[in-house]
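# Topology and contacts: notes
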Amino acid sequence: MWWSIHSWAGLKLSIFLGFILLTGTLAVFAHEIDWLVTPAMRVQPRDAPPASWGRLAAAAARADPSGRLQTIYAPIDPWFAAEALMQHGKKAPRRVYIDPWAAEVTGQHGWANVHRFLRQVHRHLMLPTKIGIPIVCSLALLLLASLVSGIVTYKKWWRGFFRRPRGGDARRLTGDLHRLGGLWSLWFVALIAVTGLWYLVETLGGQAPVAKLPAVVAQAPPPVGAELDRLAAMARRARPALKIYEVRFTGENGVVFLGQDRAWLVRDRVNGVAIDPSTGRVTAVFDGRDLNLHQRIAEMADPLHFGTFGGLATKAIWFAFGAMLTAMAVTGVLIYSQRLAKEARGTLLKREAAWSGMGRWAYVAVALVLLALILTPGAIGGAG
């Protein structure tokens, strides 16, 4: 029974599962891929104090005078440019890249990029989120089934961590590699499956409550230059330990400074200071340490799912194990096809055995992948 469960979970939706695992693995380094293909994102690190938020905002506003400043992001790493998002009504935002030391614009880019593509195709297949997220997150159930059934069917599995794969036979070698990769990635499979189930819970109505910021009178245009620097100084006085990584210019809540403080494994959005620019008054101070258990779980999900909490080091680990899971989706199909081809005594090709074993699920999986690619131009070109 357990072998049947493991085979079904790993075979029937292997094409779809492999696609989601691959896009998720690439999404770990999506920003770095954009850095490689977008020259404007690349800057030369300097041994000098960075430019102020006010200077960065002023440079973005000058570069795109027809847009309204929406958000400024600090560089991800020293060799990245700072990034500003400029609103253009109902059109998609534009990206303005700024040298974080000289406060000079290095270039502009549209909304669509590699990060946007990988994020949306991995998260909801370019479909409406209420439809796409449950489809993708249902794969977490397959991962859990594969995890449990794999442990049950692999007798004395704890002895296999350092067992060298045997050669001489393709089926034997593929099986040994599949088991070895499965053992070393047990923790990773469990982590991805649990966080995937959490995303499913959120989509089905289990979202954690988000604190609402006080409303303010909208200020147009948003503050830049010395005025923004004054607000940033106020934010630092209100939260001296806050490392500001993001500044949001909202019409409803004023200017919001977000980043990391003492709370561990949380997104930037739960640490910050909101200021009403029209009065110069701090309207809210929020701290990730004040989250309840439900909120804490929600804020931990993304850093754990994508491994972003430790910079390049954890990203590299998550990428390596993501690649291992993707390879296991492939080797699982190879094992099955080799087994069926052997049983058929050469009358059935391996690819035919794999395809026939997937049955109608193969067509469903291919259809979902093709649909996501077809919807891509419209989906990542919009403002959503």
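Structure's up top.
Computed from a predicted model, the values in this text were never measured in an experiment.

### Observations concerning the nonpolar core
F16, I20, L125 and L139 are the most contacted members of the largest nonpolar core, which has 38 residues in total. Once residues within four sequence positions are removed from consideration, L125 is found in contact with F16, F19, I20, Q120, I135, V136, L368, A372 and L375. Counting 27 residues, the second-largest nonpolar core is a separate cluster that includes I72, A84, A235 and V273.

### Let's talk about the pairing of strand β1 (residues 68-73)
When β1 meets strand β2 (residues 82-88), the two strands line up antiparallel, connected through five bridges. Looking at β2, one finds that L69 is bridged to M86. Where β1 meets strand β5 (residues 243-250), three bridges bridge the pair, whose relative direction is antiparallel. Note that in β5 the partner of I72 across the bridge is V247.

### So, the packing of helix α4 (residues 53-63) against helix α10 (residues 225-238)
Relative orientation of the contacting elements α4 and α10 amounts to 145°, with a least axis distance of 7 Å. Here α4 and α10 pass one another in a crossing that is right-handed. Residue-level contacts link W53, G54, R55, A57 and A58 of α4 to G225, L228, D229, A232 and R236 of α10. Residue classes in the contact of α4 with α10 are distributed as five nonpolar, two polar and three charged.

### Topic: the sheet that holds strand β3 (residues 91-98)
Reading across the sheet, the eight strands line up as β4-β3-β2-β1-β5-β6-β7-β8 and stay open at both edges, with antiparallel pairing between neighbours. At either end of the open sheet lies a strand with only one pairing partner, and these are β4 (105-109) and β8 (281-286). This sheet shows a mean twist of 20° between the axes of neighbouring strands, independent of strand direction. Sheet topology note: the β5/strand β6 (residues 254-260) ladder contains seven bridges and is antiparallel. Across the sheet, the residue bridging to T250 is G254, located in β6.

### Observations regarding the side chain of D99
Along the polypeptide, D99 turns up in the loop between β3 and β4. D99 gets classed as buried once you look at its relative accessible area, which sits at 9%. When neighbours within four sequence positions are excluded, D99 is seen to be in contact with V43, R46, L56, E104 and T106.

### Considering helix α2 (residues 14-28)
Its 15 residues give α2 an end-to-end C-alpha distance of 21 Å, which sits within 8% of 21 Å, the value for a rise of 1.5 Å per residue. Burial analysis of α2 places twelve of its 15 residues in the buried class, which makes it a mostly covered element. If you check which residues of α2 are buried, you get S14, F16, L17, G18, F19, I20, L21, T23, G24, T25, A27 and V28.

### Side note on the environment of T326
Of note, T326 is situated in helix α12 (residues 312-343). For T326 and Q87, which are 239 residues apart along the polypeptide, the C-alpha to C-alpha distance reads 37 Å. In this structure, T326 is in contact with G18, L21, L22 and T25, ignoring residues within four places of it in sequence.

### A word on the pattern of salt bridges
Applying the stated rule across the entire model yields 13 salt bridges. Among the ionic pairs, R269 bridges to E299, the shortest N-O distance being 2.8 Å. A residue pair is termed long-range when its members are at least 10 positions apart, and R269 in the loop between β6 and β7 (272-276) and E299 in helix α11 (residues 293-306) qualify at 30 residues. A relative accessible area of 38% means that R269 is categorised as partly exposed. Owing to a relative accessible area of 6%, E299 belongs among the buried residues under this scheme. One connected set of salt bridges, linked through shared partners, spans R239, D261, R262, D287 and R289.

Analysis parameters
- Residues numbered from 1 in each chain as written.
- Predicted model: local features only at pLDDT ≥ 70, side-chain atom pairs only at ≥ 80, totals over all residues.
- Heavy atoms only, no water.
- Core = buried A, V, L, I, M, F, W, Y, C linked by side-chain atoms within 4.5 Å.
- Buried < 20%, exposed > 50% of the residue type's maximum accessible area, 1.4 Å probe, protein only.
- Contact = heavy atoms within 4.5 Å.
- Pairing = 2+ DSSP bridges.
- Helix = DSSP H or I, 4+ residues; strand = E, 2+ residues; numbered from the N terminus.
- Axes fitted to C-alpha atoms, helices over the stretch in contact; angles between N-to-C directions.
- Left-handed = near helix turned anticlockwise from the far one by under 90°.
- Nonpolar A, V, L, I, M, F, W, Y, C, P; charged D, E, K, R; others polar.
- Expected span 1.5 Å × (residues − 1).
- Salt bridge = Lys/Arg side-chain N within 4 Å of Asp/Glu carboxyl O.

Geometry only, nothing functional implied.
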